[in-house]
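Now for the letters of each chain:
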Amino acid sequence: MPFPFDNTYARLPEAFFMAVDPTPVSAPKLIRLNHELAAELGLDVARLDSAEGVAILSGNQIAEGSVPIAMAYSGHQFGGFSPQLGDGRAILIGEVVGRDGVRRDIQLKGSGPTPFSRRGDGRSALGPVLREYLVSEAMAALGVPTTRALAAVVSGDQVYREGMTPGGVFTRVAQSHIRIGTFQWFAARQDHDNLRVLADHAIDRHDPEARDAENPYLALLEGVIRRQAELVAHWMQLGFIHGVMNTDNMSISGETIDYGPCAFLDIYHPAKKFSFIDQQGRYAFANQGPIAHWNLTRLAEALLPLLDDDQEKAVALAETALDAFPALHQNALQRRFTAKIGLEGGSASDWSLAETLLSAMDRGEADFTLVFRHLSDALETGNDEAVTSLFKQPETITAWLSVWRSRMQGIDKDDAIALMRRTNPIFIPRNHRIEAAIQAGNQGNFEPFHRLHKVLQHPFSEQPGFAEYEAAPTPEEVVPATFCGT
Ligand code: AMP
Ligand code: MG
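Because the structure is predicted, anything quoted here is derived from the model rather than measured.

### Considerations on the site of ligand 1
- Neighbouring ligand 1 are 18 residues, the closest being Gly86, Gly88, Arg89, Gly122 and Asn249.
- Within the backbone of Gly86, a nitrogen or oxygen atom sits 2.6 Å from an oxygen atom of ligand 1.
- Bound to the protein, ligand 1 loses 86% of the 490 Å² it would expose on its own.
- Classifying every residue of the shell around ligand 1 by side-chain character gives two nonpolar, eight polar and eight charged.
- Structurally, the shell around ligand 1 is a two-domain feature, drawing no fewer than three residues from each of domain 1 (9-174) and domain 2 (180-332).

Right, dumping it as C-alpha coordinates:
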(Lines give C-alpha, C1' and ligand atoms only; values in the text may rest on other atoms or scores of the structure.)
(Ligands and ions follow the chains in the order given, each with its own letter.)
Protein backbone atom coordinates (compact mmCIF):
# COMPACT_ATOMS: atom_id res chain seq x y z
CA MET A 1 0.00 0.00 0.00
CA PRO A 2 1.34 3.50 -0.75
CA PHE A 3 -0.12 4.65 2.59
CA PRO A 4 -0.36 2.34 5.63
CA PHE A 5 -3.56 4.05 6.80
CA ASP A 6 -5.04 3.77 10.29
CA ASN A 7 -7.92 6.22 10.46
CA THR A 8 -8.86 7.06 14.05
CA TYR A 9 -10.78 10.27 13.22
CA ALA A 10 -13.02 8.50 10.72
CA ARG A 11 -13.91 6.04 13.51
CA LEU A 12 -15.25 8.85 15.73
CA PRO A 13 -19.05 9.41 15.83
CA GLU A 14 -20.81 10.58 12.67
CA ALA A 15 -21.26 14.11 14.01
CA PHE A 16 -17.52 14.76 13.49
CA PHE A 17 -17.42 14.70 9.68
CA MET A 18 -19.14 13.97 6.40
CA ALA A 19 -17.95 11.13 4.20
CA VAL A 20 -17.10 12.46 0.75
CA ASP A 21 -14.83 11.33 -2.06
CA PRO A 22 -12.47 13.67 -3.90
CA THR A 23 -13.68 14.77 -7.33
CA PRO A 24 -11.29 13.79 -10.14
CA VAL A 25 -9.34 16.41 -12.11
CA SER A 26 -8.59 16.36 -15.86
CA ALA A 27 -4.87 16.00 -16.32
CA PRO A 28 -2.93 15.89 -13.06
CA LYS A 29 0.82 16.39 -13.17
CA LEU A 30 3.07 16.13 -10.14
CA ILE A 31 5.02 19.34 -9.54
CA ARG A 32 6.87 18.11 -6.50
CA LEU A 33 6.78 15.12 -4.18
CA ASN A 34 8.49 15.49 -0.80
CA HIS A 35 10.59 12.32 -0.78
CA GLU A 36 12.24 13.00 2.59
CA LEU A 37 8.90 13.52 4.30
CA ALA A 38 7.36 10.51 2.57
CA ALA A 39 10.22 8.37 3.88
CA GLU A 40 9.83 9.79 7.42
CA LEU A 41 6.17 8.86 7.28
CA GLY A 42 7.00 5.32 6.22
CA LEU A 43 5.23 5.70 2.87
CA ASP A 44 6.06 3.75 -0.27
CA VAL A 45 7.95 6.54 -2.04
CA ALA A 46 8.40 4.71 -5.35
CA ARG A 47 4.68 4.02 -5.64
CA LEU A 48 3.83 7.61 -4.71
CA ASP A 49 6.15 8.81 -7.46
CA SER A 50 4.39 6.63 -10.05
CA ALA A 51 1.23 7.23 -12.10
CA GLU A 52 -0.75 5.57 -9.31
CA GLY A 53 0.72 8.03 -6.79
CA VAL A 54 -0.17 11.04 -8.91
CA ALA A 55 -3.71 9.71 -9.28
CA ILE A 56 -4.01 9.42 -5.48
CA LEU A 57 -2.40 12.81 -4.79
CA SER A 58 -4.78 14.55 -7.20
CA GLY A 59 -7.90 12.84 -5.87
CA ASN A 60 -8.44 10.80 -9.04
CA GLN A 61 -7.97 7.50 -7.24
CA ILE A 62 -8.84 6.52 -3.70
CA ALA A 63 -5.90 4.85 -2.05
CA GLU A 64 -6.32 1.43 -0.49
CA GLY A 65 -7.33 1.86 3.15
CA SER A 66 -8.37 5.50 2.74
CA VAL A 67 -11.65 6.71 4.28
CA PRO A 68 -12.12 10.17 2.74
CA ILE A 69 -13.94 12.63 5.00
CA ALA A 70 -14.55 16.37 5.33
CA MET A 71 -14.11 17.47 8.95
CA ALA A 72 -16.74 19.59 10.70
CA TYR A 73 -15.69 22.80 12.45
CA SER A 74 -16.89 26.29 13.28
CA GLY A 75 -14.80 29.39 13.83
CA HIS A 76 -14.48 33.04 14.64
CA GLN A 77 -13.46 34.79 11.44
CA PHE A 78 -12.19 38.34 12.03
CA GLY A 79 -14.01 38.27 15.35
CA GLY A 80 -17.41 37.10 14.10
CA PHE A 81 -18.64 33.59 14.82
CA SER A 82 -19.56 31.24 11.96
CA PRO A 83 -21.16 28.10 13.37
CA GLN A 84 -20.89 26.20 10.07
CA LEU A 85 -17.50 26.17 8.37
CA GLY A 86 -15.88 22.75 7.94
CA ASP A 87 -13.62 21.41 5.18
CA GLY A 88 -15.09 23.08 2.12
CA ARG A 89 -12.15 22.40 -0.17
CA ALA A 90 -10.16 19.84 1.75
CA ILE A 91 -10.60 16.12 2.31
CA LEU A 92 -8.83 14.07 4.95
CA ILE A 93 -7.84 10.85 3.20
CA GLY A 94 -6.43 9.09 6.25
CA GLU A 95 -3.84 8.88 9.01
CA VAL A 96 -0.46 7.20 9.16
CA VAL A 97 1.96 6.62 12.01
CA GLY A 98 5.44 7.78 10.96
CA ARG A 99 8.84 6.29 11.77
CA ASP A 100 8.99 8.64 14.76
CA GLY A 101 5.86 6.97 16.15
CA VAL A 102 3.80 10.13 15.66
CA ARG A 103 0.38 9.87 14.02
CA ARG A 104 -0.25 12.30 11.17
CA ASP A 105 -3.17 13.26 8.95
CA ILE A 106 -2.88 13.18 5.18
CA GLN A 107 -5.19 15.74 3.63
CA LEU A 108 -5.88 16.81 0.05
CA LYS A 109 -6.56 20.52 -0.40
CA GLY A 110 -8.42 21.64 -3.53
CA SER A 111 -9.83 18.17 -4.18
CA GLY A 112 -13.41 19.18 -4.96
CA PRO A 113 -16.65 20.12 -3.25
CA THR A 114 -17.83 18.73 0.08
CA PRO A 115 -21.07 19.19 2.01
CA PHE A 116 -19.29 22.14 3.70
CA SER A 117 -18.44 23.98 0.46
CA ARG A 118 -21.37 26.40 0.58
CA ARG A 119 -20.90 28.57 -2.53
CA GLY A 120 -17.23 27.63 -2.99
CA ASP A 121 -16.03 25.33 -5.75
CA GLY A 122 -13.95 23.10 -3.45
CA ARG A 123 -10.92 23.82 -5.60
CA SER A 124 -7.67 25.61 -5.09
CA ALA A 125 -5.83 27.84 -7.50
CA LEU A 126 -2.27 26.80 -8.24
CA GLY A 127 -0.83 29.97 -6.67
CA PRO A 128 -1.91 29.17 -3.07
CA VAL A 129 -0.72 25.57 -3.56
CA LEU A 130 2.77 26.77 -4.47
CA ARG A 131 2.75 29.35 -1.68
CA GLU A 132 1.77 26.83 0.97
CA TYR A 133 4.36 24.33 -0.28
CA LEU A 134 7.17 26.90 -0.19
CA VAL A 135 6.27 28.57 3.08
CA SER A 136 5.37 25.49 5.11
CA GLU A 137 8.57 23.71 4.06
CA ALA A 138 10.59 26.86 4.76
CA MET A 139 9.02 27.04 8.23
CA ALA A 140 9.96 23.40 8.85
CA ALA A 141 13.56 24.11 7.82
CA LEU A 142 13.55 27.18 10.09
CA GLY A 143 12.58 24.88 12.96
CA VAL A 144 9.02 26.17 13.44
CA PRO A 145 6.28 23.65 14.30
CA THR A 146 4.20 23.44 11.15
CA THR A 147 2.05 21.33 8.89
CA ARG A 148 4.12 19.94 6.05
CA ALA A 149 3.89 19.65 2.28
CA LEU A 150 3.86 16.12 0.91
CA ALA A 151 2.99 16.97 -2.69
CA ALA A 152 1.80 19.60 -5.12
CA VAL A 153 -0.07 18.72 -8.29
CA VAL A 154 -1.23 20.89 -11.17
CA SER A 155 -4.73 19.70 -11.98
CA GLY A 156 -5.04 20.43 -15.69
CA ASP A 157 -8.28 22.31 -14.96
CA GLN A 158 -8.82 26.05 -14.73
CA VAL A 159 -10.49 27.60 -11.70
CA TYR A 160 -12.28 30.90 -11.66
CA ARG A 161 -10.94 33.45 -9.15
CA GLU A 162 -10.23 37.03 -10.26
CA GLY A 163 -10.16 35.49 -13.73
CA MET A 164 -9.38 32.01 -14.96
CA THR A 165 -6.26 30.53 -13.44
CA PRO A 166 -4.69 27.04 -13.30
CA GLY A 167 -5.91 24.79 -10.50
CA GLY A 168 -3.85 22.66 -8.16
CA VAL A 169 -4.11 20.06 -5.43
CA PHE A 170 -1.95 20.23 -2.33
CA THR A 171 -1.26 17.30 -0.01
CA ARG A 172 -0.90 18.49 3.55
CA VAL A 173 0.50 16.53 6.47
CA ALA A 174 -0.43 17.56 10.01
CA GLN A 175 -0.21 16.11 13.49
CA SER A 176 -3.96 16.58 13.31
CA HIS A 177 -6.45 18.96 11.78
CA ILE A 178 -8.20 19.59 15.09
CA ARG A 179 -8.63 23.33 15.47
CA ILE A 180 -10.06 25.60 18.12
CA GLY A 181 -13.01 25.72 15.73
CA THR A 182 -13.51 21.96 16.01
CA PHE A 183 -14.25 22.39 19.73
CA GLN A 184 -16.46 25.36 18.92
CA TRP A 185 -18.50 23.16 16.56
CA PHE A 186 -19.69 20.94 19.42
CA ALA A 187 -19.87 23.75 21.98
CA ALA A 188 -22.11 25.79 19.66
CA ARG A 189 -24.43 22.79 19.34
CA GLN A 190 -24.32 22.14 23.09
CA ASP A 191 -23.27 18.59 22.22
CA HIS A 192 -21.28 17.98 25.39
CA ASP A 193 -20.93 14.23 24.86
CA ASN A 194 -19.12 14.68 21.57
CA LEU A 195 -17.19 17.64 23.00
CA ARG A 196 -15.76 15.17 25.51
CA VAL A 197 -15.07 12.57 22.79
CA LEU A 198 -13.16 15.25 20.86
CA ALA A 199 -11.20 16.35 23.92
CA ASP A 200 -10.27 12.72 24.68
CA HIS A 201 -9.15 12.22 21.09
CA ALA A 202 -7.08 15.43 21.22
CA ILE A 203 -5.48 14.35 24.51
CA ASP A 204 -4.53 10.97 23.01
CA ARG A 205 -2.90 12.66 20.05
CA HIS A 206 -1.37 15.81 21.49
CA ASP A 207 -1.26 15.70 25.27
CA PRO A 208 -1.10 12.08 26.39
CA GLU A 209 0.39 13.11 29.75
CA ALA A 210 -2.75 15.19 30.43
CA ARG A 211 -4.59 11.88 30.87
CA ASP A 212 -2.89 11.48 34.28
CA ALA A 213 -3.51 15.06 35.42
CA GLU A 214 -5.99 15.82 38.18
CA ASN A 215 -8.16 17.59 35.57
CA PRO A 216 -7.22 16.21 32.12
CA TYR A 217 -9.29 18.75 30.17
CA LEU A 218 -7.72 21.65 32.02
CA ALA A 219 -4.32 20.11 31.30
CA LEU A 220 -5.27 19.92 27.62
CA LEU A 221 -6.18 23.61 27.64
CA GLU A 222 -2.91 24.46 29.39
CA GLY A 223 -0.99 22.44 26.81
CA VAL A 224 -2.58 24.31 23.91
CA ILE A 225 -1.90 27.65 25.65
CA ARG A 226 1.78 26.78 26.19
CA ARG A 227 2.26 25.67 22.60
CA GLN A 228 0.58 28.74 21.10
CA ALA A 229 2.51 31.14 23.34
CA GLU A 230 5.75 29.63 22.07
CA LEU A 231 4.62 29.24 18.46
CA VAL A 232 3.61 32.85 17.97
CA ALA A 233 6.88 34.05 19.55
CA HIS A 234 8.73 31.76 17.14
CA TRP A 235 6.85 33.31 14.20
CA MET A 236 7.80 36.77 15.39
CA GLN A 237 11.45 35.84 15.83
CA LEU A 238 11.48 35.23 12.08
CA GLY A 239 9.25 38.13 11.01
CA PHE A 240 6.38 35.84 10.01
CA ILE A 241 2.84 37.19 9.70
CA HIS A 242 0.22 34.46 9.52
CA GLY A 243 -2.40 36.82 8.16
CA VAL A 244 -5.61 34.99 9.01
CA MET A 245 -5.53 33.85 12.64
CA ASN A 246 -9.19 32.91 12.75
CA THR A 247 -10.05 30.27 15.36
CA ASP A 248 -10.58 27.71 12.60
CA ASN A 249 -6.98 28.30 11.55
CA MET A 250 -5.38 27.63 14.94
CA SER A 251 -4.33 24.06 15.55
CA ILE A 252 -4.56 22.29 18.90
CA SER A 253 -1.26 20.54 18.14
CA GLY A 254 0.66 23.84 18.15
CA GLU A 255 1.61 23.57 14.50
CA THR A 256 1.33 26.55 12.17
CA ILE A 257 -1.64 25.78 9.92
CA ASP A 258 -3.45 27.34 6.96
CA TYR A 259 -0.95 29.29 4.96
CA GLY A 260 -3.25 31.67 3.13
CA PRO A 261 -2.25 35.32 2.95
CA CYS A 262 0.85 34.79 5.11
CA ALA A 263 4.11 36.63 4.41
CA PHE A 264 7.41 37.60 6.03
CA LEU A 265 8.41 41.12 6.96
CA ASP A 266 10.86 42.88 4.71
CA ILE A 267 11.12 46.29 6.41
CA TYR A 268 10.34 46.01 10.10
CA HIS A 269 7.14 47.66 11.11
CA PRO A 270 5.11 46.36 14.07
CA ALA A 271 1.76 47.21 12.46
CA LYS A 272 2.68 45.54 9.19
CA LYS A 273 0.02 43.38 7.53
CA PHE A 274 -0.08 41.93 4.05
CA SER A 275 -3.52 40.38 3.80
CA PHE A 276 -5.77 42.36 1.53
CA ILE A 277 -8.90 41.37 3.44
CA ASP A 278 -7.42 42.34 6.84
CA GLN A 279 -8.33 46.00 6.43
CA GLN A 280 -8.24 46.75 10.17
CA GLY A 281 -4.88 45.07 10.77
CA ARG A 282 -6.43 42.64 13.25
CA TYR A 283 -3.77 40.09 12.35
CA ALA A 284 -0.87 42.55 11.97
CA PHE A 285 2.65 41.48 13.01
CA ALA A 286 2.68 42.77 16.59
CA ASN A 287 -0.96 41.87 17.21
CA GLN A 288 -0.37 38.15 16.84
CA GLY A 289 0.30 37.49 20.53
CA PRO A 290 -2.86 39.28 21.77
CA ILE A 291 -4.91 37.60 19.04
CA ALA A 292 -3.64 34.15 20.00
CA HIS A 293 -4.72 34.96 23.56
CA TRP A 294 -8.15 36.02 22.28
CA ASN A 295 -8.47 32.79 20.28
CA LEU A 296 -7.42 30.69 23.27
CA THR A 297 -10.14 32.41 25.28
CA ARG A 298 -12.63 31.10 22.71
CA LEU A 299 -11.16 27.61 23.18
CA ALA A 300 -11.50 27.90 26.95
CA GLU A 301 -15.14 28.96 26.57
CA ALA A 302 -15.82 25.94 24.41
CA LEU A 303 -14.19 23.65 26.98
CA LEU A 304 -16.05 25.08 30.01
CA PRO A 305 -18.58 22.22 30.27
CA LEU A 306 -15.68 19.77 30.61
CA LEU A 307 -13.63 21.77 33.12
CA ASP A 308 -16.06 21.48 36.01
CA ASP A 309 -19.74 20.69 36.57
CA ASP A 310 -19.96 23.86 38.61
CA GLN A 311 -19.90 26.64 36.03
CA GLU A 312 -18.34 29.19 38.35
CA LYS A 313 -15.49 26.83 39.15
CA ALA A 314 -15.07 26.05 35.47
CA VAL A 315 -14.75 29.75 34.66
CA ALA A 316 -12.21 30.27 37.45
CA LEU A 317 -10.07 27.37 36.17
CA ALA A 318 -10.23 28.67 32.60
CA GLU A 319 -9.30 32.20 33.68
CA THR A 320 -6.29 31.06 35.65
CA ALA A 321 -5.06 29.02 32.69
CA LEU A 322 -5.60 31.94 30.28
CA ASP A 323 -3.92 34.42 32.60
CA ALA A 324 -0.69 32.48 32.18
CA PHE A 325 -0.57 33.27 28.46
CA PRO A 326 0.86 36.82 28.44
CA ALA A 327 3.86 35.91 30.60
CA LEU A 328 4.52 32.66 28.70
CA HIS A 329 4.44 34.53 25.41
CA GLN A 330 6.49 37.47 26.68
CA ASN A 331 9.17 35.16 28.10
CA ALA A 332 9.37 33.30 24.81
CA LEU A 333 9.67 36.60 22.92
CA GLN A 334 12.40 37.86 25.25
CA ARG A 335 14.39 34.63 25.01
CA ARG A 336 14.12 34.61 21.22
CA PHE A 337 14.78 38.31 20.57
CA THR A 338 17.71 38.61 22.95
CA ALA A 339 19.22 35.55 21.22
CA LYS A 340 18.89 37.48 17.97
CA ILE A 341 21.28 40.09 19.36
CA GLY A 342 23.65 37.45 20.74
CA LEU A 343 22.48 37.36 24.36
CA GLU A 344 21.25 34.32 26.21
CA GLY A 345 18.78 34.34 29.06
CA GLY A 346 16.25 36.91 27.90
CA SER A 347 16.71 39.33 30.81
CA ALA A 348 14.53 42.45 31.01
CA SER A 349 17.42 44.82 30.29
CA ASP A 350 18.58 42.81 27.24
CA TRP A 351 14.99 42.74 26.02
CA SER A 352 14.82 46.47 26.23
CA LEU A 353 18.05 46.65 24.22
CA ALA A 354 16.41 44.45 21.55
CA GLU A 355 13.30 46.64 21.62
CA THR A 356 15.39 49.75 21.10
CA LEU A 357 16.90 48.12 18.03
CA LEU A 358 13.43 47.28 16.72
CA SER A 359 12.23 50.84 17.05
CA ALA A 360 15.38 52.09 15.32
CA MET A 361 14.64 49.63 12.51
CA ASP A 362 11.08 50.93 12.32
CA ARG A 363 12.26 54.56 12.11
CA GLY A 364 15.12 53.72 9.76
CA GLU A 365 12.97 51.54 7.46
CA ALA A 366 15.47 48.72 7.78
CA ASP A 367 15.07 45.16 6.60
CA PHE A 368 14.28 42.88 9.57
CA THR A 369 16.11 39.77 8.34
CA LEU A 370 19.19 41.54 6.99
CA VAL A 371 19.77 43.72 10.06
CA PHE A 372 19.81 40.77 12.45
CA ARG A 373 21.91 38.61 10.17
CA HIS A 374 24.49 41.35 9.56
CA LEU A 375 24.75 42.08 13.25
CA SER A 376 26.76 38.89 13.69
CA ASP A 377 29.01 39.94 10.79
CA ALA A 378 29.55 43.30 12.47
CA LEU A 379 30.52 41.55 15.69
CA GLU A 380 32.92 39.28 13.83
CA THR A 381 34.64 41.92 11.71
CA GLY A 382 34.32 44.97 13.91
CA ASN A 383 32.91 46.84 10.92
CA ASP A 384 29.38 48.25 11.28
CA GLU A 385 28.96 49.32 7.67
CA ALA A 386 26.94 46.21 6.66
CA VAL A 387 24.39 47.11 9.37
CA THR A 388 24.34 50.89 9.18
CA SER A 389 23.88 50.83 5.40
CA LEU A 390 20.51 49.08 5.91
CA PHE A 391 19.10 52.18 7.62
CA LYS A 392 17.81 55.17 5.72
CA GLN A 393 19.83 57.40 8.03
CA PRO A 394 22.81 55.56 9.55
CA GLU A 395 22.57 57.90 12.62
CA THR A 396 19.38 56.01 13.57
CA ILE A 397 21.47 53.02 14.54
CA THR A 398 25.01 54.17 15.41
CA ALA A 399 24.25 55.00 19.04
CA TRP A 400 22.50 51.68 19.51
CA LEU A 401 25.46 49.80 18.05
CA SER A 402 27.86 51.32 20.57
CA VAL A 403 25.57 50.48 23.51
CA TRP A 404 25.26 46.94 22.15
CA ARG A 405 29.02 46.59 21.71
CA SER A 406 29.62 47.56 25.32
CA ARG A 407 26.99 45.05 26.45
CA MET A 408 28.86 42.39 24.44
CA GLN A 409 32.10 43.08 26.37
CA GLY A 410 32.92 40.03 28.46
CA ILE A 411 30.66 37.73 26.45
CA ASP A 412 32.37 35.02 24.44
CA LYS A 413 32.35 36.39 20.91
CA ASP A 414 32.32 33.04 19.13
CA ASP A 415 29.43 31.79 21.23
CA ALA A 416 27.45 34.97 20.58
CA ILE A 417 28.08 34.79 16.84
CA ALA A 418 27.05 31.12 16.73
CA LEU A 419 23.88 31.88 18.71
CA MET A 420 22.96 34.72 16.37
CA ARG A 421 23.64 32.68 13.25
CA ARG A 422 21.36 29.87 14.32
CA THR A 423 18.65 32.32 15.39
CA ASN A 424 18.76 34.75 12.46
CA PRO A 425 18.20 33.19 9.03
CA ILE A 426 19.80 34.47 5.84
CA PHE A 427 17.06 33.12 3.62
CA ILE A 428 13.35 33.57 4.21
CA PRO A 429 10.55 33.07 1.66
CA ARG A 430 10.32 36.70 0.70
CA ASN A 431 6.99 37.69 -0.73
CA HIS A 432 8.33 38.97 -4.05
CA ARG A 433 10.19 35.69 -4.60
CA ILE A 434 7.07 33.66 -3.89
CA GLU A 435 5.07 35.85 -6.27
CA ALA A 436 7.68 35.34 -8.99
CA ALA A 437 7.57 31.56 -8.47
CA ILE A 438 3.77 31.64 -8.70
CA GLN A 439 3.75 33.81 -11.84
CA ALA A 440 6.15 31.41 -13.56
CA GLY A 441 4.22 28.36 -12.29
CA ASN A 442 1.02 29.77 -13.76
CA GLN A 443 2.86 29.78 -17.11
CA GLY A 444 3.94 26.16 -16.62
CA ASN A 445 7.50 26.98 -15.58
CA PHE A 446 8.29 25.49 -12.16
CA GLU A 447 12.04 26.21 -12.18
CA PRO A 448 11.75 29.34 -9.98
CA PHE A 449 9.57 27.34 -7.56
CA HIS A 450 12.11 24.51 -7.31
CA ARG A 451 15.05 26.89 -6.98
CA LEU A 452 13.38 28.90 -4.24
CA HIS A 453 12.39 25.69 -2.46
CA LYS A 454 16.00 24.52 -2.62
CA VAL A 455 17.55 27.60 -1.06
CA LEU A 456 14.94 27.61 1.71
CA GLN A 457 15.95 24.13 2.81
CA HIS A 458 19.03 25.62 4.50
CA PRO A 459 17.89 29.02 5.68
CA PHE A 460 20.69 29.59 8.21
CA SER A 461 23.62 28.70 5.91
CA GLU A 462 25.51 30.76 3.38
CA GLN A 463 24.78 29.30 -0.06
CA PRO A 464 27.08 30.43 -2.83
CA GLY A 465 25.13 30.80 -6.05
CA PHE A 466 21.92 31.82 -4.25
CA ALA A 467 22.97 35.29 -3.11
CA GLU A 468 20.10 36.98 -4.96
CA TYR A 469 17.61 35.30 -2.61
CA GLU A 470 19.21 37.06 0.33
CA ALA A 471 18.41 40.52 -0.89
CA ALA A 472 15.46 42.62 0.22
CA PRO A 473 13.13 43.65 -2.60
CA THR A 474 13.91 46.90 -4.38
CA PRO A 475 11.05 49.43 -4.10
CA GLU A 476 9.80 48.28 -7.52
CA GLU A 477 9.93 44.62 -6.49
CA VAL A 478 7.97 44.97 -3.24
CA VAL A 479 4.74 42.93 -3.22
CA PRO A 480 2.70 44.77 -0.58
CA ALA A 481 -0.50 42.68 -0.50
CA THR A 482 -1.43 39.03 -0.31
CA PHE A 483 -4.75 37.37 -1.01
CA CYS A 484 -6.36 34.28 0.46
CA GLY A 485 -6.68 33.06 -3.08
CA THR A 486 -9.35 30.60 -2.08
P1 AMP B 1 -9.88 29.64 5.09
O2 AMP B 1 -10.06 31.11 5.00
O3 AMP B 1 -9.02 29.10 3.98
O4 AMP B 1 -9.44 29.19 6.43
O5 AMP B 1 -11.31 28.99 4.83
C6 AMP B 1 -12.43 29.34 5.56
C7 AMP B 1 -13.60 28.46 5.20
O8 AMP B 1 -13.97 28.60 3.82
C9 AMP B 1 -13.34 26.96 5.38
O10 AMP B 1 -14.54 26.37 5.81
C11 AMP B 1 -12.99 26.52 3.97
O12 AMP B 1 -13.20 25.14 3.79
C13 AMP B 1 -13.93 27.37 3.13
N14 AMP B 1 -13.43 27.55 1.76
C15 AMP B 1 -12.38 28.30 1.38
N16 AMP B 1 -12.19 28.23 0.06
C17 AMP B 1 -13.15 27.42 -0.46
C18 AMP B 1 -13.47 26.94 -1.77
N19 AMP B 1 -12.79 27.29 -2.85
N20 AMP B 1 -14.52 26.11 -1.89
C21 AMP B 1 -15.23 25.74 -0.81
N22 AMP B 1 -14.97 26.14 0.44
C23 AMP B 1 -13.94 26.98 0.65
MG1 MG C 1 -8.96 27.52 7.30
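### Topic: the packing of helix 8 (residues 288-307) against helix 10 (residues 325-340)
- Remark: helix 8 packs on helix 10, axes separated minimally by 10 Å, with the N-to-C direction vectors making an angle of 145 degrees. The element helix 8 and its partner helix 10 pack so that their crossing is right-handed. Touching Gly289, Ala292, His293 and Leu296 of helix 8 are Phe325, Pro326 and His329, all from helix 10.
- The residue makeup of the contact of helix 8 with helix 10, split by class, is four nonpolar, three polar and no charged.

### A look at the coordination of the magnesium ion (ligand 2)
- The magnesium ion (ligand 2) binds to the protein through Asn249 (OD1) and Asp258 (OD); the donor distances cover 2.1 to 2.2 Å. Of the two residues examined, Asn249 and Asp258, each falls in the buried class.

### Here's the deal with the pattern of salt bridges
- Taken as a whole, this structure holds 30 salt bridges when the rule is applied.
- A salt bridge links Arg103 to Glu95; the nearest nitrogen and oxygen atoms lie 3.0 Å apart.
- Judged by its relative accessible area of 1%, Glu95 is buried.
- Among the ionic pairs, Asp204 bridges to Arg211, the shortest N-O distance being 3.5 Å.
- Asp204 gets classed as exposed once you look at its relative accessible area, which sits at 53%.

### Quick look at the domain arrangement of the protein
- Taken domain by domain, the protein consists of domain 1 (9-174) and domain 2 (180-332).
- A separation of 23 Å is found between the C-alpha centroids of domain 1 and domain 2.
- Contact with domain 1, which involves 36 residues of that partner, is made by 36 residues of domain 2.
- Together, Phe16, His76 and Phe78 form the three largest contributors to the area buried by domain 1 at its contact with domain 2, with a combined 21%.
- At the surface where domain 1 touches domain 2, the tally comes to four salt bridges.
- A salt bridge links Arg172 to Asp258; the nearest nitrogen and oxygen atoms lie 2.8 Å apart.
- Contributing elements (two or more residues each) for the side of domain 1 that touches domain 2: strand 4 (75-77), strand 7 (103-109), helix 4 (126-142) and strand 10 (164-174).

What counts as what
- Residues numbered from 1 in each chain as written.
- Chains lettered and ligands numbered in written order.
- Predicted model: local features only at pLDDT ≥ 70, side-chain atom pairs only at ≥ 80, totals over all residues.
- Heavy atoms only, no water.
- Near = heavy atom within 4 Å.
- Polar contact = N/O pair within 3.5 Å; in protein donor to acceptor, adjacent residues only side chain to side chain.
- Areas by Shrake-Rupley, 256 points an atom, 1.4 Å probe, with all protein chains shown as cover.
- Nonpolar A, V, L, I, M, F, W, Y, C, P; charged D, E, K, R; others polar.
- Domains from an automatic or database assignment.
- Axes fitted to C-alpha atoms, helices over the stretch in contact; angles between N-to-C directions.
- Helix = DSSP H or I, 4+ residues; strand = E, 2+ residues; numbered from the N terminus.
- Left-handed = near helix turned anticlockwise from the far one by under 90°.
- Contact = heavy atoms within 4.5 Å.
- Donors = N, O, S within 2.8 Å, 3.2 Å for Na, K, Ca; no water.
- Buried < 20%, exposed > 50% of the residue type's maximum accessible area, 1.4 Å probe, protein only.
- Salt bridge = Lys/Arg side-chain N within 4 Å of Asp/Glu carboxyl O.
- Buried area = accessible area lost by both parts, 1.4 Å probe.

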